[in-house]
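Overview (structure and organization)
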Amino acid sequence: MVRPAPLLRPSPLPPISDSNRLKIFSGSANPDLAQEVARYLGMDLGPMLRKRFADGELYIQIQESIRGADVYLVQPTCRPVNDHLMELLVIIDACRRASARQITAVLPYYGYARADRKTAGREAITAKLVANMITQAGAHRVLAMDLHSAQIQGYFDIPLDHVYAQPVLQAYLKEKGLLDEDIVVVSPDVGGVARARAFAKKLKEAPLAIIDKRRQAHNDVEVMNLIGDVRGKIAILVDDMIDTAGTISEGAKLLRKSGAKAVYACAIHPVFSDPAIERLQGGLFEEVIVTNTIPIPPERRFPGLTVLSVANVLGEAIWRIHEDSSVSSMFH
């Protein structure tokens, strides 16, 4: 079960000016999240016909007039990544040809983001390639949540609003009373230090620890040592995603060996590729806390997994974009 999204404002959402011009559509990747976003805005999802030809080609038809409308397409490019990415591009093209005034691709999870630079010869930079594809399909702007690396914002030649799910995780930890305990925020690698530091700052300036790791190959991690003190403390491992759970589970083992009395895992995107579930429910974590940017089927849920909704964050951002208000002030 997904825990409801926390309220971001003490009062109800103000009426949307010219609400007839605002339309929200959902791809097939995460319709439940899109429905929650629409509910936050007091709207219904737009009708869309989606079917496949015998050879697997996708057919999309928008089933209401969107001429002159501001259209928001909610579609994380999660597993199966290629299918959901292609579906997003086809929907964007359909909206462009239907004379939408502005098309915003709402990407709770941005796939192909891990190849964001060349680390060896003859590699593709897929994060840039996908940005080009979304732009060329006809999107006018992008609303993305917790990109794998901040520089991906610069890969787009159209406006991009970057929002964060960390406040949702932090509110849950506060609700559990962990902020009154002796905690330490842990980055599972050097590349995530900025993310972990920002997380720790919001948790009453909690101390920070860093796991130094060396990656032998993709999805193959060897943890080397720990920078910082975790002995007798509750360790909160913070990352943007959990894929095979190799990084975070090896980190938890090191934290246990180093004297941490409890380990919690916090991540935004639950990719959960095999053998992630086996690793995560192996007794290393008191709790694994993720969000619903990616849907988790029942067979991939396990005791100790908590799923928090980010619908209100996305809904609030959509309202602010439509009303020409500040999005960044949501996180001040």
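Small disclaimer: the values here were computed from a predicted structure and weren't measured.

1. Side note on the packing of aromatic side chains
- Scanning the model with the defined rule gives 4 aromatic pairs in all.
- Summarising the aromatic geometry, the rings of Tyr 164 and Phe 331 are spaced 5.4 Å apart at their centres and angled 85 degrees between planes, so their arrangement reads as edge-to-face. Of this pair, Tyr 164 sits in the loop between β8 (160-163) and α4 (166-175) while Phe 331 is found in the segment after α8 (311-322), placing the two residues 167 residues apart along the sequence.
- For the pair Phe 272 and Phe 302, a centre-to-centre distance of 6.4 Å together with 45 degrees between the ring planes defines the contact as tilted. Taken together, the residues span a long stretch of sequence, with Phe 272 in the loop between β13 (262-270) and α7 (276-280) and Phe 302 in the loop between β14 (287-291) and β15 (305-308) at a distance of 30 residues.

2. Observations regarding the pattern of salt bridges
- Taken as a whole and judged by the stated rule, the model has 16 salt bridges.
- A salt bridge links Arg 114 to Asp 243; its shortest N-O distance comes to 2.6 Å. Of the two residues, Arg 114 is situated in the loop between β6 (102-107) and α3 (126-137) and Asp 243 in the loop between β12 (234-242) and α6 (246-257); the sequence distance between them amounts to 129 residues.
- Arg 114 sits in the partly exposed class, given a relative accessible area of 43%.
- For Arg 141, the salt bridge identified is with Asp 161, shortest N-O distance 2.8 Å. One end of the pair, Arg 141, is in strand β7 (residues 141-145); the other, Asp 161, is in strand β8, and 20 residues separate them in sequence. Here the two residues Arg 141 and Asp 161 agree in accessibility, since each one is buried.

3. Side note on α8
- Taking 1.5 Å of rise per residue, the 12 residues of α8 would be expected to cover 16 Å, and the 16 Å separating its terminal C-alpha atoms lies within 8% of that figure.
- Counting buried positions over the 12 residues of α8 gives 12, a clear majority of the element.
- Among all positions in α8, only Ala 311, Asn 312, Val 313, Leu 314, Gly 315, Glu 316, Ala 317, Ile 318, Trp 319, Arg 320, Ile 321 and His 322 are buried.
- Once α8 ends, the next one or two residues include Asp 324, with phi positive near 60 degrees.

4. Observations concerning the sheet that holds β6
- Strands sit in the order β2-β5-β6-β7-β8 across an open sheet of 5 strands; the sheet is parallel. If you trace the sheet from one side to the other, it starts and ends with β2 (22-26) and β8, each paired once. On average, each strand axis in the sheet is inclined to that of its neighbour by 20 degrees, with strand direction left out of account.
- Bridging between strand β5 (residues 70-74) and β6 involves 5 bridges; their strand directions are parallel. Of the residues in β6, the one forming a bridge with Leu 73 is Ala 105.
- Where helix α2 (residues 81-97) meets the sheet, its contacts fall on β5 and β6, and the angle it forms with β6 comes to roughly 165 degrees.

Scoring rules and cut-offs
Numbering of residues starts from 1 in every chain and runs along the sequence as written. Thresholds applied to this predicted model are a pLDDT of at least 70 for local features of residues and 80 or more for the giving and counting of side-chain atom pairs; totals over whole chains, interfaces and linings are not thresholded and use all residues. To obtain the side-chain values, all non-hydrogen atoms of the structure were used and water was disregarded. Two rings from Phe, Tyr or Trp (for Trp, the six-membered ring) form a pair when their centres sit within 6.5 Å of each other. Planes less than 30 degrees apart are called stacked, planes more than 60 degrees apart edge-to-face, and all others tilted. Each helix is a run of H or I in the DSSP string that is no shorter than four residues. Each strand is a run of E no shorter than two, and both are numbered from the N terminus. The working definition used for a salt bridge is a side-chain nitrogen of Lys or Arg within 4 Å of a carboxyl oxygen of Asp or Glu. The cut-offs for exposure are 20% and 50% of the maximum accessible area for each residue type, with area from a 1.4 Å probe on protein chains only; residues under the lower value are buried, those over the upper are exposed, and the others partly exposed. One less than the residue count of a helix, multiplied by 1.5 Å, gives the span that helix is expected to have. Two strands qualify as a pair provided DSSP detects at least 2 bridges between them. Under this scheme, a helix contributes an axis fitted over its contacting stretch, all axes are lines through C-alpha atoms, and angles between N-to-C directions fall in the 0 to 180 degree range. The contact rule is simple, with two residues in contact once any of their heavy atoms fall within 4.5 Å.

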